[in-house]
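Residue-level listing of the chains:
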Amino acid sequence: MIRTETGLNECRKLWEMFSPGEDAWDDWDLMYAFHDQDKHRLNFLVHQTGDGPPDGLVPLVHDTSKNRFMLMAGSYPDGRILWLRNEDFPEFFEQFSDRTVLFDLRQSYVNELLQLYPQFEANFAELDMRYHMVPSEFEFDFNKHIDTFEREKKQKFLYDLRNIRKREPELRWSEDNEADLFIELVNRNFGAESDYADESNANELRRVIGELQKSGRLKTMTIEIDGAKQAVSLSLQHGNKMIALYASSNNEYNNLGKLLNVETIQEACRLRVDEVSFMTGMKWKADWRMKSEPCHTMRKPPGPWPDAILP
């Protein structure tokens, strides 16, 4: 039997019951920071066998602005799994409403499901790549990773870094909340096309960064050139993993974004983390020879289907 829970307190209890508590995306407080209380309605699906305790959970929300159901926190987290017994997946699938989308599930998890239930293959056809680095593989020194680039690429890479460093950038690491600086830089670069020109997206980012600062997991780097902050990265350190969540730089300064990402990796090396994640998408991550693994998005009905943005 599958029932639906919509109350905040009960949903939080269920989350804490089923969450493995290992990764950042298992943390209720962080994931709730992504939750837009004006547009999202909790819609947790709970599985029980007979009179027994709950034995499976899919923590969905109804995104009323796009008329879709998605995992709590939506499309931002990656490499997720579903907290259910594999044999119960078909029963959950039957309960999923049309326009249910589960973004960026871990490939190894999806493979296990599809070995049991190949009839759902079309629903998992949408792929993206998650990129990450393991600092121990290059002795916690990103320069040694650069040494693995092809000769011409390495020379160009180092040339670009030398040129931006001639501008005498001032780098500063802190736990400061620089969400508004990030939003300002993105909006300056992309104008009306910026995701953060939408105030609801900007407020989501402010909630997330506020939660990370409050919980002591925020790693902020700013780069100042010509007397002003021209770049910022906002990263999350959870346990012995670091996630490069948000980064932006003033596009008027060539290669400043490259320096920003290099220094983020070097900080991960100084912290001696097991992994630094750069999440999904964007060609430059592959060009930097980051490790990658596919993520599968599940759609019911099979995708692609357009967002249904409601008035």
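Small disclaimer: the values here were computed from a predicted structure and weren't measured.

> Any chance you could explain the packing of aromatic side chains here in plain terms?
Here a ring pair, both rings aromatic, is described through the centre-centre distance and the interplanar angle of the planes. This structure, assessed with the given rule, holds 22 aromatic pairs. Between Trp-15 and Trp-83 the ring centres are 4.8 Å apart and the planes differ by 75 degrees, which places this aromatic pair in the edge-to-face class. Of the two residues, Trp-15 is situated in helix α1 (residues 8-18) and Trp-83 in the loop between β4 (68-71) and α3 (89-95); the sequence distance between them amounts to 68 residues. On the basis of relative accessibility, which here comes to 12%, the residue Trp-83 falls in the buried class. Chaining the aromatic ring pairs together yields one cluster made of Phe-138, Phe-142, Phe-149, Phe-157, Phe-278, Trp-284 and Trp-288.

> Explain the environment of Ser-277 to me, please; I cannot follow it from the model alone.
Position of Ser-277 relative to the elements: it lies in strand β11 (residues 275-280). On the basis of relative accessible area, Ser-277 is assigned to the buried category, the value being 4%. Taking the C-alpha atoms as reference, Ser-277 lies 9.9 Å from Ser-292; in sequence the two are 15 residues apart. Contact partners of Ser-277, with chain neighbours within four places excluded, come to Arg-130, Tyr-131, His-132, Met-242, Ile-243 and Ala-244.

> What is the right way to read helix α4 (residues 107-116) from this model?
Owing to its 3.6 residues per turn, the α-helix aligns residues three or four sequence positions apart on the same side. Taken together, the buried positions of α4 are occupied by Tyr-109, Val-110, Leu-113 and Leu-114. Along α4, the residues classed as buried sweep out an arc of 130 degrees about the axis, all on the same side.

> I tried to follow the packing of helix α6 (residues 151-165) against helix α9 (residues 256-271) on my own but got confused; where do I start?
A pair of packed helices is captured by two measures, namely the crossing angle of their axes and the spacing between those axes. The interhelical angle for the contact between α6 and α9, taken along N-to-C directions, is 100 degrees, at an axis separation of 9 Å. Taken together, α6 and α9 sit at an angle that is classed as roughly perpendicular. Of the residues in α9, those in contact with Phe-157, Asp-160, Leu-161, Ile-164 and Arg-165 of α6 are Leu-256, Lys-258, Leu-259, Val-262 and Glu-263. Among the residues making up the contact of α6 with α9, the classes are represented as 6 nonpolar, no polar and 4 charged.

> Even after reading the chapter, I still don't get the sheet that holds strand β3 (residues 54-63), so can you show me in this structure?
Strands pair in a sheet through their backbones, by hydrogen bonds, and they do so in one of two ways: parallel or antiparallel. Across the sheet, which stays open at both edges, the 12 strands sit in the order β1-β2-β3-β4-β5-β12-β6-β11-β10-β9-β8-β7 with mixed pairing between neighbours. A single partner strand is all that each edge strand has here, and the edge strands are β1 (2-5) and β7 (170-174). Adjacent strand axes in the sheet meet at a mean angle of 30 degrees when their direction is disregarded. As defined by bridge partners, β4 adjoins strand β5 (residues 100-106) across 2 bridges and the pair is classed as parallel. Bridge pairing in β5 places Phe-69 opposite Thr-100. Sitting on the sheet, helix α7 (residues 179-190) is in contact with β8 (218-225), β9 (228-238) and β10 (241-249), with an inclination near 120 degrees to β9. Helix α8 (residues 199-215) contacts β8, β9 and β10 of the sheet and is inclined by roughly 135 degrees relative to β10.

Basis of the calculations
Residues numbered from 1 in each chain as written. Predicted model: local features only at pLDDT ≥ 70, side-chain atom pairs only at ≥ 80, totals over all residues. Heavy atoms only, no water. Phe/Tyr/Trp six-rings, centres within 6.5 Å; stacked < 30°, edge-to-face > 60°. Helix = DSSP H or I, 4+ residues; strand = E, 2+ residues; numbered from the N terminus. Buried < 20%, exposed > 50% of the residue type's maximum accessible area, 1.4 Å probe, protein only. Contact = heavy atoms within 4.5 Å. Arc of directions from axis to C-beta. Axes fitted to C-alpha atoms, helices over the stretch in contact; angles between N-to-C directions. Parallel < 35°, antiparallel > 145°, perpendicular 65-115°, else oblique. Nonpolar A, V, L, I, M, F, W, Y, C, P; charged D, E, K, R; others polar. Pairing = 2+ DSSP bridges.

Spatial relationships are all this shows, so hold off on functional conclusions.
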